[in-house]
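Single-letter residue listing:
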Amino acid sequence: MSQASSHRNDAPGGRTDAQARIDRIAAFGDELQALEQNGVLTLDDQDRQRIAAYHGRLIDQFRTRFDVDIGADHKRLSLGMRLASLIGALALSAALFFFFYRIWGLLATPLQVSMLIIAPVIAVGAAAWAAERERTLYFTSLLALLALTCFVLNLSMLGQIFNITPSQNAFLAWGLFAGLLAYAWGLKLVLTAGLVCLVGYLSASVGAWGGMYWLHFGQRPENVLIAGALISLPGFFVHRVRPEFAAIYRNFGLLVVFISVLILAHWGRASYLQLSPSLIEGIYQTAGFAGSALVIWLGIRQARPGLFNLGSTFFILFLYTKVFDWWWDWLPKWLFFLIVGLIALALLAVMAKLRSSGKAMGS
Amino acid sequence: MKRLLILSALALLMAVNALVLAGVAWNRSGEPEAVLVLTERELRLPWHGIRQGENSGVSLTLARPDQSLDWLDETRLASLGFNIERLLNVALGRGESQERDIWAVLEFDGPAHQQRLAEQAERIVMARAGLEEGRTSPVQVQSAETALERMQTADSRLLIIDAGLDAAELRQRYPDRGQYAIVRAQARANIWRSERDVPLQVRGWITRIEPGQIHLPRQFHAALEELTPERSRHGVEPPRFSAEVHFGRRYEPWVVGISPLE
């Protein structure tokens, strides 16, 4: 094979691809060592040196370009940094809110308005500045979330200052703003925050079209269910820009759908359907079981662990809440928990079977 | 691409703010839709007082007394878009309520308030008559008299007297802009039964008006603080200040002045 063609696959699409390649290199090294120790394969020195040099160049290149995690310690530190970034963003957002509430009454209206508009602009500028200087984008993510907080504060406070009639349109503005920042820098957490805002907007809009006060959209969980379904749709199409975002649309949207179905499965009175509450609950319980089973199947078929985990979690939730409904009141408690345990063992056996049949398909 | 997205985010930010501020300017342009000179009876201070611990802003709550809305019957609710048939459909074994966005007419210190006072005075007469006949107690009579005194000196005189789906049409019916304000509101309807064997009825009430609170700009804080050294009035104490409130083209209010009351 020519050198040019051998390097054809060395240019990853992004940090995710680069990290996956680094992980494969580490796994390759561990497996090669195991093969040599068991006498299955022994590389000669020339091959060993060539592989080591090639991998060394790749690792340096990816470390410089994408700041990937090299080894388990790096991964643990990266997880810690992500957590710190999230906690920092939440804490700074709260600080910003409380600080403004503390001082705004001391300011004249023009100054209040100016500060409210300038704050998110400064935060976006700071995020752009940080993005130019770091590859991991932890600080960028924190500052982008802060910019979103500033925008939320901006519109909320303008509404209070000028006694503006509130509406759900602010959620749309916040969602679009977060989406633009998320796509600019590939920030998953910011995208999730934006999707939360869009779910709020869609739910409130569906509720308002039905005649209810927009802020009361939660009184009819179907409003949220429809919003979640709409949000999940982009996740089932190919994304040319930010392909890693598809999983977020899918998983977050379906999470919202399943939570709504779970609520309706136990609170039929809240449904729009003009049927008896018990019938509505039965319909949504059936839909919950069928929907989660479908998502599990999709997750296996399309090799998407996020879907599989989501479907499995809610299948178990629907199952256990149903078991609780049926048996908690009239079974002795030891027998109830024994049955729950046996169900868990049965699920374990089914998943083990699925796993082993997946191995057989791969071999 | 990255730069385009960042600039788009900033442009969205500016555009939304421009839209909001343009709306505010339009609301406050031209002649006010209504001008009400309300007092502390109708504009309540925050329960913490003018200086709250974590919030230095001041908003006055638009207060309304408890009032019966007998005029909000099935016919009126149906005209406001409520599905009366669905509400009465108890065969499904479920009660439900419905909500609608409507326009409400707020009357300030008008015939409706006078009617309330007259009805309370009538209740006192009945209570006193009942006291002589042994049907009521002195405590009940005193309670009724105190309630009348509160209505006369301390309670809000803002009452909702009408509702509809068209603000302009309501303004035509109530042209006095110094006594009537048209505001956004939410109406709710549900079913109820006064007694066991009585047919189900539909009742309605106004759950909220917009805005529930009116922000007080900083330039009025000092005046209000001077007029209200104590957090709130007690019992039947008279109001300490009046505030001129304008309602704009979008029916959104703002305070233009605070004055002491003798």
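Residues numbered from 1 in each chain as written. Chains lettered and ligands numbered in written order. Predicted model: local features only at pLDDT ≥ 70, side-chain atom pairs only at ≥ 80, totals over all residues. Heavy atoms only, no water.

Draft legend 1. Examining the overall build of chain B more closely. For chain B, the count of helices and strands is seven helices and 10 strands. Within chain B, buried positions represent 46% of all 262 residues. The contacts of chain B with a sequence gap of at least 6 include a subset with a gap of at least 24, amounting to 71%. Carbon and sulfur atoms form 52% of the exposed surface of chain B, whose accessible area is close to 13,500 Å². (Helix = DSSP H or I, 4+ residues; strand = E, 2+ residues; numbered from the N terminus. Buried < 20%, exposed > 50% of the residue type's maximum accessible area, 1.4 Å probe, protein only. Contact = heavy atoms within 4.5 Å. Areas by Shrake-Rupley, 256 points an atom, 1.4 Å probe, with all protein chains shown as cover.)

Draft legend 2. Structural detail: the overall build of chain A. Within chain A, the secondary structure is distributed over 13 helices and zero strands. Each helix and strand of chain A, placed in order from N terminus to C terminus, yields the pattern α-α-α-α-α-α-α-α-α-α-α-α-α. In summary, chain A has a C-alpha radius of gyration of 26 Å against a globular reference of 21 Å for 363 residues, an excess of more than 25%. C-alpha extents for chain A along the principal axes are approximately 80 × 65 × 35 Å. Buried residues in chain A amount to 42% of all 363 residues. Look at the contacts in chain A between residues 6 or more apart in sequence, and 65% of them connect residues 24 or more apart. Carbon and sulfur atoms provide 68% of the accessible area of chain A, an area that totals close to 19,400 Å². Charged side chains in chain A number 28 positive and 20 negative. The centres of these two groups are separated by 6 Å. (Rg over C-alpha atoms; globule rule 2.2 N^0.38 Å. Lys, Arg positive; Asp, Glu negative; His and termini not counted. Charge placed at Lys NZ, Arg CZ, Asp CG, Glu CD.)

Draft legend 3. Geometry of the side chain of B:Glu33. All names here are of chain B. Here glutamate 33 lies in the loop between helix H1 (2-27) and strand E1 (34-39). On the accessibility criterion, glutamate 33 (9% relative accessible area) is buried. Separated by 2.7 Å, the side chains of glutamate 33 and arginine 171 make a polar contact. Apart from the residues within four sequence positions on either side, glutamate 33 is in contact with Arg171, Arg177, Ile182, Phe247, Gly248 and Tyr251. (Polar contact = N/O pair within 3.5 Å; in protein donor to acceptor, adjacent residues only side chain to side chain.)

Draft legend 4. Examining the packing of helix H5 (residues 109-133) of chain A against H1(B) more closely. The interhelical angle for the contact between H5(A) and H1(B), taken along N-to-C directions, is 175 degrees, at an axis separation of 11 Å. In terms of axis orientation, H5(A) runs roughly antiparallel to H1(B). From H5(A), A:Val113, A:Ile117, A:Pro120, A:Val121, A:Val124 and A:Ala128 reach across to H1(B), where they touch B:Ile6, B:Leu10, B:Leu13, B:Met14, B:Asn17 and B:Leu21. When grouped by side-chain class, the residues that make up the contact of H5(A) with H1(B) number 11 nonpolar, one polar and no charged. (Axes fitted to C-alpha atoms, helices over the stretch in contact; angles between N-to-C directions. Parallel < 35°, antiparallel > 145°, perpendicular 65-115°, else oblique. Nonpolar A, V, L, I, M, F, W, Y, C, P; charged D, E, K, R; others polar.)

Draft legend 5. Structural view of the interface of chain B and chain A. On the chain A side, the residues contacting the 46 residues of chain B number 52 residues. Both faces considered, chain B and chain A share a buried interface measuring about 4,200 Å² in area, 58% of it formed by carbon and sulfur atoms. At the boundary of chain B and chain A, one finds zero salt bridges. Where chain B meets chain A, there are 12 residue pairs in polar contact (both at pLDDT 80 or more). Those elements giving two or more residues to the side of chain B that touches chain A turn out to be H1, strand E4 (97-108), strand E6 (180-192), strand E7 (201-210), strand E8 (213-216) and strand E10 (253-260) of chain B. (Buried area = accessible area lost by both parts, 1.4 Å probe. Salt bridge = Lys/Arg side-chain N within 4 Å of Asp/Glu carboxyl O.)

Draft legend 6. Highlighting the sheet that holds E10(B). Residues and elements named next belong to chain B. Read across the sheet, three strands follow the order E1-E9-E10 without closing on themselves; strand pairing throughout is antiparallel. Two strands lie at the open edges of the sheet, namely E1 and E10, each paired on one side alone. Neighbour-to-neighbour, the strand axes of this sheet turn through a mean angle of 20 degrees, independent of strand direction. Bridge count for E1 against strand E9 (residues 241-247) is six bridges, and the pairing is antiparallel. Among the inter-strand pairings, leucine 36 is bridged to a residue of E9, identified as valine 245. (Pairing = 2+ DSSP bridges.)

Draft legend 7. Spotlight on the packing of helix H2 (residues 15-37) of chain A against helix H3 (residues 45-66) of chain A. All names here are of chain A. Orientation of H2 relative to H3, taken along the N-to-C sense of each, is 155 degrees, at an axis distance of 10 Å. As summarised for this structure, H2 and H3 are arranged roughly antiparallel, according to the angle between their axes. The crossing of H2 and H3 is left-handed. Here Arg15, Ala18, Arg21, Ile22, Ile25, Phe28 and Glu36 of H2 lie close against H3, whose contacting residues are Arg48, Ile51, Tyr54, His55, Leu58, Ile59, Phe62 and Phe66. Per-class residue counts for the contact of H2 with H3 are 10 nonpolar, one polar and four charged. (Left-handed = near helix turned anticlockwise from the far one by under 90°.)

Draft legend 8. Highlighting the confidence of the model for chain A. Residue and element names in this part refer to chain A. Overall, the prediction assigns chain A a mean pLDDT of 86, with 94% of residues at 70 or greater. Here helix H1 (residues 3-6) is the element of chain A with the lowest mean pLDDT, 43, and helix H7 (residues 169-185) is the one with the highest, 96. The low-confidence segment residues 1-8 (pLDDT under 50) makes four contacts with residues lying over four places distant or belonging to another chain. (pLDDT = per-residue confidence, 0-100.)

Draft legend 9. Local environment of the sheet that holds E8(B). Residue and element names in this part refer to chain B. Read from one edge of the open sheet, three strands run E2-E3-E8, paired in antiparallel fashion. Of all the strands in the sheet, just strand E2 (43-44) and E8 have a single pairing partner and so form its edges. Here E2 runs beside strand E3 (residues 58-62); their pairing, made up of two bridges, is antiparallel. Counted as the bridge partner of leucine 43 is leucine 62 from E3.

Draft legend 10. Representation of the nonpolar core in the model. By size, the foremost hydrophobic cluster in this structure holds 49 residues, and its most contacted members are A:Phe151, A:Phe177, A:Leu181, A:Trp185, A:Val190, A:Leu191 and A:Leu195. When residues no more than four places from it in sequence are discounted, the contact partners of A:Phe177 are A:Val124, A:Ala147, A:Leu148, A:Phe151, B:Ala9, B:Leu12 and B:Leu13. With 41 residues, the next largest nonpolar core counts B:Leu36, B:Leu72, B:Ala187 and B:Leu216 among its residues. (Core = buried A, V, L, I, M, F, W, Y, C linked by side-chain atoms within 4.5 Å.)

Draft legend 11. Fine view of the pattern of salt bridges. Residues and elements named next belong to chain B. Across all of its chains, the model carries 16 salt bridges over all chains by this definition. Among the salt bridges present, the one from aspartate 162 reaches arginine 76, with a minimum N-O distance of 2.5 Å. Residue aspartate 162 is located in strand E5 (residues 158-164), and its partner arginine 76 is located in helix H2 (residues 74-79); the two are separated by 86 residues in the primary sequence. A relative accessible area of 4% means that aspartate 162 is categorised as buried. With a relative accessible area of 24%, arginine 76 lands in the partly exposed category. The salt bridge partner of glutamate 145 is arginine 128, with a shortest N-O separation of 2.5 Å. Separated by 17 residues along the polypeptide, glutamate 145 in helix H5 (residues 138-153) and arginine 128 in helix H4 (residues 111-132) bring together distant segments of the chain.

Draft legend 12. Layout of the environment of A:Leu83. Looking at the secondary structure, you find A:Leu83 in helix H4 (residues 72-103). Separated by 55 residues in the primary sequence, A:Leu83 and A:Tyr138 place their C-alpha atoms 9.6 Å from one another.

Draft legend 13. How the structure looks around the environment of B:Ser242. Residue and element names in this part refer to chain B. By secondary structure assignment, the location of serine 242 is in strand E9. Judged by its relative accessible area of 10%, serine 242 is buried. As a C-alpha pair, serine 242 and threonine 39 span 203 residues in sequence and 4.0 Å in three-dimensional space. Excluding its chain neighbours within four sequence positions, the residues that come into contact with serine 242 are Val37, Leu38, Thr39, Gly257, Ile258, Ser259 and Leu261.

Draft legend 14. Layout of helix H12 (residues 305-327) of chain A. With 23 residues, H12(A) should reach 33 Å at 1.5 Å per residue; the first-to-last C-alpha distance of 32 Å fits that figure. Among the residues of H12(A), A:Leu307, A:Leu310, A:Gly311, A:Ser312, A:Phe314, A:Phe318, A:Leu319, A:Lys322 and A:Val323 are the ones counted as buried. (Expected span 1.5 Å × (residues − 1).)

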